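Okay, here's what each chain looks like letter by letter:
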Amino acid sequence: MGLVKLLPCYIAGTRVEIDETGPRPSTVVSLDGKEMIPAVTTTATQLRQALRHGEVCQKILNRTSIEERVGVVKLILKEYANYRKEIAWALAKFRGLPVKDSQWMCDLLMVWSEQVDELVASVWGLGGEEYRRVAFRDKILGKVSYKSKGYAALITSSTMDGPPGIAAICHAILSGTHLIIRPSWRDVVVHFMFEILHEHKLDQYCQLVRWQSTSVEAMELNRQLIRNVQQAIVFCSDRTYRELIAGNRDEDREHLARKIHKYGTGLPLVIVTEAADLDQAAEAIFIGARRGNGKFCLSHSPVLVDRKIYPALLKKLVTLSAQLKTGDLLDPATERGQWEADDIKSLKNLLASFGGRVAQGEFQTHSMDVIILDDVPQNSPTLYQEFPGTLLALIPFDKNDEAVALAQKSLSMNQREAWTAVNVFGSPEEYEEFTKSIDSFHFLHAGITSEPRFLLPHQGRYFSFDLTRRQTIVL
C-alpha cells in the first residue's frame, strides 16, 4: 500500500470521506496502474452546500487582519513541507515526477515561509498595517487599502499539483478571500493542506471539492461553481476555458468573462551570447529544462545562441543529456521523469513540427530524455508554442540585435504580451541592454529559469492582487 490512502473533500468545515453505504467510490490510478487511491466525488448537492458556506466564510474573513492571514500562510507553508515523504511518493507514482524535484519544491516552500511579510509589501505596498496613509505637505488626505472582491473558485490543471498549487492558495489567503478549490482529478497531494487547516480549525479559509473532468456531469459542476462565486481563478487550456463559458446566455457569458481571471501556461526564452561562461550556462540551462519534467510555467525550451559559441554549447548540452540519470523515481539520484503514453505521442508529434535535427535524446514509451534539438530555424514554432516536456531547441543568431528582433517578433505569433521570462547568459552590459529591448515579465542573469522566487508575480500578475479591489477612504 502507498503513503496516501484516501482523497477526501473538505466542505463546510467537515472532512468528507467515503460513504460506506453509498455507491462504490471512484479511484485515481497511478501511471503504472499498480496504485489506486479512492477519491470522494462531490455531488451537486454538496457543491451547493459549499457555495452557501463560502458566502458565510467570506464575511468572517472580511474581519481578519493581514497579520492574522500572514500567520496562517506561514503555518501552511512550513507544515505542508513536512509532508515531503508523502508528497514525493504521490507525485512520483501519479505524476511521474522524480523525488529529487519534489524534495526541492518542499525545500522551496520552507524558504518562502520566511518571505511572506515581504510578499505582502511587494503586492500591496503595505507593511503590517491594514492600510497606507496618503499625505500631501504633511496633511493626511486619506488612506488606501485592499479588500477581497468576494469568495472565489480556483480550478487548476495538472501543472499546479502539489507545491505550485499551494503557493496559489496561499496568495488567496493573504488577500482575505475564501477559496473553493477544484483541483485536477489526479492531484493526490493538495488535500494535505486542508488537513493542516482542519487540524488547526481554520476551515473558514478554504474548501476542497473534487470531480473527474471526463465525467458526464463535470462541465455542469464547473459551471455551477463558476456562476455562483463572486470571482474565479482558472488554470486551464483555451479549450477548457471556452467550454466553461459556453452553454450560458450571452449576457451571462459577458459577466463570467469579467469575473474570471484565466492564467495560461508560460513560455520563457534563453539567450546565450559570446561573453557567456559556457560551463555555467550549460549546467543552468540543462537544469531549467529538466526540472519538473519541463512542465513548470518557468520551464524553458527555446534557446537563442550566438553562432560563434554555438558548437561549444551544443557539445556541452549533448554531454549533459547523455549523462541523464534514470531509474526508480523514488531514488534521489533519478532525474528522468515519466509520462502517460498518450502524452509522449503528443510530444513526439509536436517536436516534429519544430524543425532542426535531434542531436541527443529520444522518446521511450513512458518517458523521454532531455532532447537537444540542433540548428532549429528562426521561424520555428518552438518560439511561440509551449512544449510541455524536457526539450532544448537551439536557435543560432549572429548579432545581439538579431536576437532582440527575433524575440520581439515571436511574441506576436501567438498574441502574447510578453515572455514569461528571459534568461540571459552574457556580460552585465548585454543583460542590461536586453532588459531594455525585450518585452518580458521577468528577467534573470545567468540563473536557473525554473527556480521561482516567491516575491515574483506569475506572468506579471499576483494572484492575491487580482482577488482584491483598491479602496480609498478620504479623511
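Anything mentioned here points back to the structure above.
It should be emphasised that the depicted structure is a prediction, and the values quoted were computed from it without experimental measurement.

*Asks:* I keep staring at the nonpolar core and nothing clicks. Help me out?
*Replies:* Across soluble globular proteins, you tend to see nonpolar side chains buried next to one another. Residues L77, Y80, I166, I169, M193 and C206 are the most contacted members of the largest nonpolar core, which totals 70 residues. Dropping the residues within four chain positions of it, C206 is found in contact with I169, I173, H178, L179, I181, M193, F194 and L197.

*Asks:* Looking at this model, I keep getting lost on a nonpolar patch on the surface. Mind explaining?
*Replies:* On the surface, V134, F136 and L141 cluster together into a nonpolar patch covering about 260 Å² of accessible area. With respect to the element layout, L141 can be found in strand β6 (residues 139-148). A relative accessible area of 38% places L141 in the partly exposed class.

*Asks:* Help me out: how do you make sense of the packing of aromatic side chains in this one?
*Replies:* The relation between two aromatic rings is expressed through the spacing of the ring centres and the mutual angle of the planes. All told, the structure shown has nine aromatic pairs when counted by the stated rule. An angle of 65° between the planes, with centres 6.0 Å apart, marks the rings of W89 and F94 as edge-to-face. With a centroid separation of 5.8 Å and an interplanar angle of 50°, the aromatic rings of Y146 and F465 are classed as tilted. Remark: F465 occurs in helix α16 (residues 463-466) and Y146 occurs in strand β6; sequence separation between them is 319 residues.

*Asks:* Would you explain the environment of S367 in this entry?
*Replies:* Position of S367 relative to the elements: it lies in the loop between β14 (357-360) and β15 (371-374). Distance in space between the C-alpha atoms of S367 and G337 is 6.3 Å, their sequence separation being 30 residues. Discounting chain neighbours no more than four positions away, the residues touching S367 are R336, G337, Q338, W339 and I344.

*Asks:* How should the sheet that holds strand β19 (residues 468-474) be read in this particular structure?
*Replies:* In any sheet, the strands associate via hydrogen bonds between backbone groups, in a parallel or an antiparallel arrangement. Spatially, the three strands line up as an open sheet ordered β5-β6-β19, and their pairing is antiparallel. Each of the sheet's edge strands pairs with one partner strand only, and the pair in question is β5 (131-136) and β19. Pairwise comparison of adjacent strand axes, ignoring direction, gives a mean angle of 25° for this sheet. Alignment of β6 against β19, held across seven bridges, turns out to be antiparallel. Bridging from a neighbouring strand, G142 pairs with V474 of β19.

*Asks:* Help me out: how do you make sense of the state of the cysteines in this one?
*Replies:* Note on terminology: a disulfide is the covalent bond linking the sulfur atoms of two cysteines. Tallying each qualifying case throughout the model produces zero disulfides. A disulfide-free cysteine, C57 has its sulfur positioned 9.6 Å from the sulfur of C206, the nearest such atom. Exposure remark for C57: the relative accessible area of 2% places this residue in the buried category.

The rules behind each value
- Residues numbered from 1 in each chain as written.
- Predicted model: local features only at pLDDT ≥ 70, side-chain atom pairs only at ≥ 80, totals over all residues.
- Heavy atoms only, no water.
- Core = buried A, V, L, I, M, F, W, Y, C linked by side-chain atoms within 4.5 Å.
- Buried < 20%, exposed > 50% of the residue type's maximum accessible area, 1.4 Å probe, protein only.
- Contact = heavy atoms within 4.5 Å.
- Patch = residues over 30% accessible without salt bridge, like charges linked within 9 Å, V, L, I, M, F, W, Y side chains within 5 Å.
- Areas by Shrake-Rupley, 256 points an atom, 1.4 Å probe, with all protein chains shown as cover.
- Salt bridge = Lys/Arg side-chain N within 4 Å of Asp/Glu carboxyl O.
- Helix = DSSP H or I, 4+ residues; strand = E, 2+ residues; numbered from the N terminus.
- Phe/Tyr/Trp six-rings, centres within 6.5 Å; stacked < 30°, edge-to-face > 60°.
- Pairing = 2+ DSSP bridges.
- Axes fitted to C-alpha atoms, helices over the stretch in contact; angles between N-to-C directions.
- Disulfide = S-S within 2.5 Å.

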